[in-house]
Amino acid sequence: MASAANPGPPAAAPPPVVQRGIVKMVLSGCAIIVRGQPRGGPPPERQINLSNIRAGSLARRAAASQPEAKDTPDEPWGFPAREFLRKKLIGKEVCFTVEYKTPQGREYGMVYLGKDTSGENIAESLVAEGLASRREGIRANNPEQSRLAELEEQARSAKKGMWSEGSGSHTVRDLKYTLENPRHFVDSLHQKPVNAIIEHVRDGSVVRALLLPDFYLVTVMLSGIKCPTFKREADAEVPEPFAAEAKFFTESRLLQRDVQIVLESCHNQNILGTILHPNGNITELLLKEGFARCVDWSIAVYTRGADKLRAAERFAKERKLRIWRDYVAPTANLDQKDKQFVAKVMQVLNADAIVVKLNSGDHKTIHLSSIRPPRLEGDSAQDKNRKLRPLYDIPYMFEAREFLRKKLIGKKVNVSVDYIRPASSATDTVPAFSERTCATVSIGGINIAEALVSKGLATVLRYRQDDDQRSAHYDELLAAEARAIKNGKGLHSKKEVPIHRVADISGDTQKAKQFLPFLQRAGRSEAVVEYVFSGSRLKLFLPKETCLITFLLAGIECPRGARNVPGLAQEGEPFSEEATLFTKELVLQREVEVEVESMDKAGNFIGWLHIEGVNLSVALVEQALSRVHFTAERSPYCKALLAAQDAAKQRKEKVWSHYEETPVEEVVQVLEEKERTANYKPVFVTEITDDLHFYVQDVETGAQLEKLMENMRAEVGAHPPVEGSFVPRRGDFCIAKFVDGEWYRARVEKVESGGKVHIFYIDYGNKETLPPSRLAPLPPAFSPRVLPPQATEYTFAFIQVPQDEEARADAVDSVVRDIQNTQCLLNVEHLGPGCPHVTLQFADSKSDVGLGLVKEGLVMVEPRKERQFQKVITEYLNAQEAAKSARLNLWRYGDFRADDADEFGYSR
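Keep in mind the model is a prediction, meaning the values are calculated, not measured.

**Some thoughts on the state of the cysteines**
Reasoning step 1: Taken as a whole, this structure holds zero disulfides when the rule is applied.
Reasoning step 2: Distance from the sulfur of C227, which forms no disulfide, to the nearest cysteine sulfur (C294) is 11 Å.
Reasoning step 3: Here C824 is not cross-linked by a disulfide; its sulfur's nearest cysteine counterpart is in C835, at 16 Å.

Have a look at this one:
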């Protein structure tokens, strides 16, 4: 039987492999997590447990899924052991050897500080400080274990750490996992930095922090930013793009580091804060590296300057880093000169839009970025039977417009385009919008949108988080809105909203007629030009009178603009657009002064407009954009107008570009056999009718009328009439209360069944329809027997009034503009059916009013055969021929009388 061979000596175990890594986290006094170097993403990591020693366990919170379980506290000296390792190892390079691995995969080994095993032995350091002990049952049968036993005995003798006297209860933390009132807790710290240790990083912008020295364990969200997160799907966490990278970025810099945290706010039980580290602000770093985006809802509480966060985000966007890899800037397609430029403000459209003039001369509409103007809330505020006037009917719209107008009109501003909002089509609730250029507009370093919002005259738009089309100063706008809300400014005020009762008397002949004397007596009135219809036709707002009027420039004749008549598009005269543009640039939305002289039959006021010492009528003539009208002859500005016109004629520009001086044809005078009587007397023209008749008062009896009116009003004031005491009948004399609140003598002309009474003011010639309550008996002491009615009716001699309604209205408008409420000289030429026919002269220039109408082509001459009138008729006919040659008004289409006299209502 063969004998078995003796086995040889056992083979020597291979030496443990030395591995290296960086300490990411210290789990306890005897366990750490080591990671490798990152290569294209978060690096691999592994847990290493220190072999042969044991340290106290750290506290553990009971699982939420086990309601009966209790929190486990720290074991004595467990936290000091963890802190000893944390301060020594976190972020440092270590080398380690794995001695053995359990079936469950736990690895035990030796850890050395540094690049090789010659560095500090971490397990020995813990035992030497009395923060760990040798594991029970391990014999000192090798040099390492013998060394641990020796160090433990030394620590025991020196009474270090766990070997000191007492139970070590003072090393057990009183951990607080929840806050009963997070908002109160945050407010109590008054945004002072709190010392803390970052215990866990949930994602790049959410951490779990241990606040010292009271051991509050709280979750902190970084104020102002948000990183990609991990979403739970089917019991697994799925990272959004760059979520893992962002988490590693924060972990590698903050996890288990000593930091300071400024707790800034509490939002829905979430604590918002900023983490301060000696090496930098992690919030700004995450943004700058493209790991996070700014969030509007929390950036307002960020205490280190929201502009720094926006700048960091902008840095990453420009370089298309990480989450911004596909980013396209809102103004990427614009040239630099179109992104930022200086322009002059020409018009304020509403509370969030302006029209500017570029250096090229073009006009461009600019919308203020990220703000919304005042608007109507609900339907109850608006009367459905009345047309909405947004400027006056929407609360604070007028104040917002005025703020912008006073700040910007005529000023140069800096425009920085933030984004271009594309055109949108209409929906059931939202109207269509054309493409809009949205920009930040500043003047003198002041952001106009921010100023508007801070006064509560606009609100800030809210956006989706991924909507980048917003103001570059969006955070300042939000802060301004917060201040306005806090201070109760404008739209956020609890006071009653301001109401603007603005009367629009444009085109309302009756109201305009009543208003005319007040404006004439006022002299120069302050006004704001609200709209420019043409070079000489404007809409004005009179602040003191709180009314809107249509205003025509006196003394000039501007080229007519294009007009759209139903079924016909009428082209404008040459240079009409240039005249309109000139007037717009000079006066639109500016504060001006106006002198009202008269009005036309359509209720438009006529007069002179001045802006900063410049007469607009004269300016238009100087620019060769208008001609002088013959009515300027009696105005104080006649010399300036004629001088400007002569200079323009010499230059042969614009309306005078084809000007040629024409010799004046001499007309053979007809010798008069009988002298015409010329006995002119002064009169005051009080009323002009639609058929070109007019009423005048004799200037010589004016004092008697004034005295009678004064006495009559005193009598009525002392014995006020009883309402309803007067029963009006046709032909009765009475007194009537006019719109100015005064009583005047009148005659009843007609009584309607509905109670309306048509009356005629016997001293002024105007008519009105009134309710009986505004009428009263005429006291006998003031009857027509005492002083006859002072208004006498006349009509013009030697002219034919156009039968065509539009042509007649033009003639009447001209007469109203020239002579109503003015003193003239009157001469009766001959009697006629209904009233005498007269000639009128202007009191100052002595020029013939009727002859002026003929010169303008507004009326035709009425031929008369009486020899005493032949000299006057010849003058009138010569004027008519000149108007015909110039194609003025009636004659614009030539001499129509041959074939169309009957159609047009004229006879030759």
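**Details of the UniProt feature "domain: Tudor" (unreviewed entry) in the protein**
Reasoning step 1: When the UniProt feature table is mapped onto this chain numbering, "domain: Tudor" (unreviewed entry) sits at residues 727-785.
Reasoning step 2: The distance from the first to the last C-alpha atom of residues 727-785 is 21 Å, and the span holds 0% helix and 44% strand.

**Remarks on the sheet that holds strand β39 (residues 693-698)**
Each strand in a sheet pairs with its neighbour through backbone hydrogen bonds, running either in the same direction (parallel) or in the opposite one (antiparallel).
Reasoning step 1: Here five strands make up a closed barrel; going around it, the order is β38-β39-β45-β48-β47 and the pairing mixed. Direction aside, the axes of adjacent strands within the sheet are offset by 60° on average.
Reasoning step 2: In terms of strand pairing, strand β45 (residues 792-796) meets strand β48 (residues 837-842) through two bridges, oriented parallel. Among the inter-strand pairings, F796 is bridged to a residue of β48, identified as V838.
Reasoning step 3: Here helix α19 (residues 805-819) sits on the sheet in contact with β38 (681-688), β45, β47 (823-830) and β48, set at roughly 130° to β38.

**Section: helix α1 (residues 78-89)**
In an α-helix, one full turn covers 3.6 residues, which means residues spaced three or four apart are oriented alike.
Reasoning step 1: Relative to the 16 Å expected for twelve residues at 1.5 Å per residue, α1 spans 17 Å between its end C-alpha atoms, a close match to the ideal helical length.
Reasoning step 2: For α1, the full list of buried residues reads G78, F79, A81, R82, E83, L85, R86 and L89.
Reasoning step 3: One or two positions beyond α1, positive phi appears at G91, with a value near 80°.

**Some words on the pairing of strand β13 (residues 230-233)**
Where a strand is regular, its side chains alternate between the two sheet faces.
Reasoning step 1: Relative to strand β14 (residues 236-239), β13 is paired through four bridges, and the arrangement is antiparallel. Along β14, the bridge assignment pairs K231 with V238.
Reasoning step 2: In this antiparallel pair of consecutive strands, β13 and β14, the connection spans two residues, and A234 shows a positive phi of 55°.

**Side note on the sheet that holds strand β40 (residues 733-737)**
Reasoning step 1: Read across the open sheet, the five strands follow the order β43-β42-β41-β40-β44; overall the sheet is antiparallel. Taken across any chain shown, the strands that pair with only one partner, and hence form the sheet edges, are β43 (767-770) and β44 (775-777). Each adjacent strand pair in this sheet contributes to an overall mean axis angle of 45°, direction not counted.
Reasoning step 2: Pairing of β40 with β44, which is carried by three bridges, proceeds in the antiparallel orientation. Bridge pairing links A736 to L775 in β44.
Reasoning step 3: Contacting β40 and β41 (743-751), helix α18 (residues 702-718) runs over the sheet at an angle of about 80° to β41.

**Some words on the UniProt feature "domain: TNase-like" (unreviewed entry) in the protein**
Reasoning step 1: Those places that UniProt annotates as "domain: TNase-like" (unreviewed entry) correspond, in this numbering, to residues 17-165, 192-326, 339-494 and 523-658.
Reasoning step 2: Summarising residues 192-326: 27% helix, 41% strand, and an end-to-end C-alpha distance of 39 Å.

**Thoughts on the nonpolar core**
Reasoning step 1: Counting 75 residues, the largest nonpolar core has F551, F605, L609 and I819 as its most contacted members.
Reasoning step 2: Here this core spans two domains, and each of domain 4 (503-656) and domain 5 (681-891) adds at least three residues to it.
Reasoning step 3: Leaving out residues up to four positions away in the same chain, I819 has contacts with R634, V685, I688, F796, C824, L840, F842 and V849.
Reasoning step 4: Within the second largest apolar cluster, 46 residues are counted, among which are V345, L408, V441 and I448.

**Brief notes about α19**
Reasoning step 1: With 15 residues, α19 should reach 21 Å at 1.5 Å per residue; the first-to-last C-alpha distance of 21 Å fits that figure.
Reasoning step 2: Within the sequence span of α19, burial applies to A807, A811, V812, D813, S814, V815, V816, D818 and I819.
Reasoning step 3: Just downstream of α19 lies N821, where phi reads positive at about 60°.

**So, the domain arrangement of the protein**
Reasoning step 1: Here the protein is described as being made up of domain 1 (18-171), domain 2 (182-324), domain 3 (336-375 + 392-425 + 433-492), domain 4 (503-656) and domain 5 (681-891).
Reasoning step 2: Between domain 2 and domain 3, the C-alpha centre-to-centre distance is 33 Å.
Reasoning step 3: Taken residue by residue, the interface counts eight residues in domain 2 and seven residues in domain 3.
Reasoning step 4: Between domain 2 and domain 3 the total buried area reaches about 690 Å² when both faces are included, carbon and sulfur atoms providing 38% of it.
Reasoning step 5: The largest share of the area that domain 2 buries against domain 3 comes from R293, D296 and R310, three residues that together contribute 57% of it.
Reasoning step 6: At the junction of domain 2 and domain 3, the tally comes to three salt bridges.
Reasoning step 7: A salt bridge links D475 to R310; the shortest N-O distance between them is 2.5 Å.
Reasoning step 8: Between the two partners, domain 2 and domain 3, sit three residue pairs in polar contact (both at pLDDT 80 or more).
Reasoning step 9: For the side of domain 2 that touches domain 3, the secondary structure elements donating two or more residues are β18 (293-294), α7 (296-299) and α8 (306-319).
Reasoning step 10: A breakdown of the residues in the side of domain 2 that touches domain 3 according to their chemical character gives four nonpolar, no polar and four charged.

**Re the packing of aromatic side chains**
Reasoning step 1: Scanning the entire structure with this criterion turns up 21 aromatic pairs.
Reasoning step 2: An angle of 70° between the planes, with centres 5.8 Å apart, marks the rings of F398 and F541 as edge-to-face. Pair noted here: F398 is in helix α11 (residues 397-408) and F541 is in strand β29 (residues 537-542), with a separation of 143 residues, a long-range link. By the burial criterion, F398 is buried, and F541 matches it.
Reasoning step 3: Where F738 meets Y761, the ring centres are 5.7 Å apart and the plane angle is 85°; that geometry is what we call edge-to-face.

**Some words on a positive patch on the surface**
Reasoning step 1: Where like charges cluster on the molecular surface, the positive patch consists of K407, K411, K455 and K489.
Reasoning step 2: One can find K489 in the loop between α13 (474-487) and β27 (503-504).

**A short note on unusual backbone geometry**
Where the residue is not glycine, phi is negative for most of them; where a peptide bond is considered, it is trans in most cases.
Reasoning step 1: Residue P213 is bonded to the preceding L212 through a cis peptide linkage, with omega at 5°.
Reasoning step 2: Here P213 lies in the loop between β10 (206-211) and β11 (216-222).
Reasoning step 3: A positive phi angle is found at F215, which is not glycine, with a value near 55°.
Reasoning step 4: Position of F215 relative to the elements: it lies in the loop between β10 and β11.
Reasoning step 5: We note that K654 has phi near 50°; this positive angle belongs to a residue other than glycine.
Reasoning step 6: Its location among the elements puts K654 in the loop between α17 (638-651) and β38.
Reasoning step 7: Residue classification places K654 among the partly exposed positions, given a relative accessible area of 29%.

Parameters and conventions
Residues numbered from 1 in each chain as written. Predicted model: local features only at pLDDT ≥ 70, side-chain atom pairs only at ≥ 80, totals over all residues. Heavy atoms only, no water. Disulfide = S-S within 2.5 Å. UniProt positions renumbered as here; feature names shortened; annotations may be inferred. Helix = DSSP H or I, 4+ residues; strand = E, 2+ residues; numbered from the N terminus. Pairing = 2+ DSSP bridges. Axes fitted to C-alpha atoms, helices over the stretch in contact; angles between N-to-C directions. Contact = heavy atoms within 4.5 Å. Expected span 1.5 Å × (residues − 1). Buried < 20%, exposed > 50% of the residue type's maximum accessible area, 1.4 Å probe, protein only. Core = buried A, V, L, I, M, F, W, Y, C linked by side-chain atoms within 4.5 Å. Domains from an automatic or database assignment. Buried area = accessible area lost by both parts, 1.4 Å probe. Salt bridge = Lys/Arg side-chain N within 4 Å of Asp/Glu carboxyl O. Polar contact = N/O pair within 3.5 Å; in protein donor to acceptor, adjacent residues only side chain to side chain. Nonpolar A, V, L, I, M, F, W, Y, C, P; charged D, E, K, R; others polar. Phe/Tyr/Trp six-rings, centres within 6.5 Å; stacked < 30°, edge-to-face > 60°. Patch = residues over 30% accessible without salt bridge, like charges linked within 9 Å, V, L, I, M, F, W, Y side chains within 5 Å. Areas by Shrake-Rupley, 256 points an atom, 1.4 Å probe, with all protein chains shown as cover. Lys, Arg positive; Asp, Glu negative; His and termini not counted. Charge placed at Lys NZ, Arg CZ, Asp CG, Glu CD.

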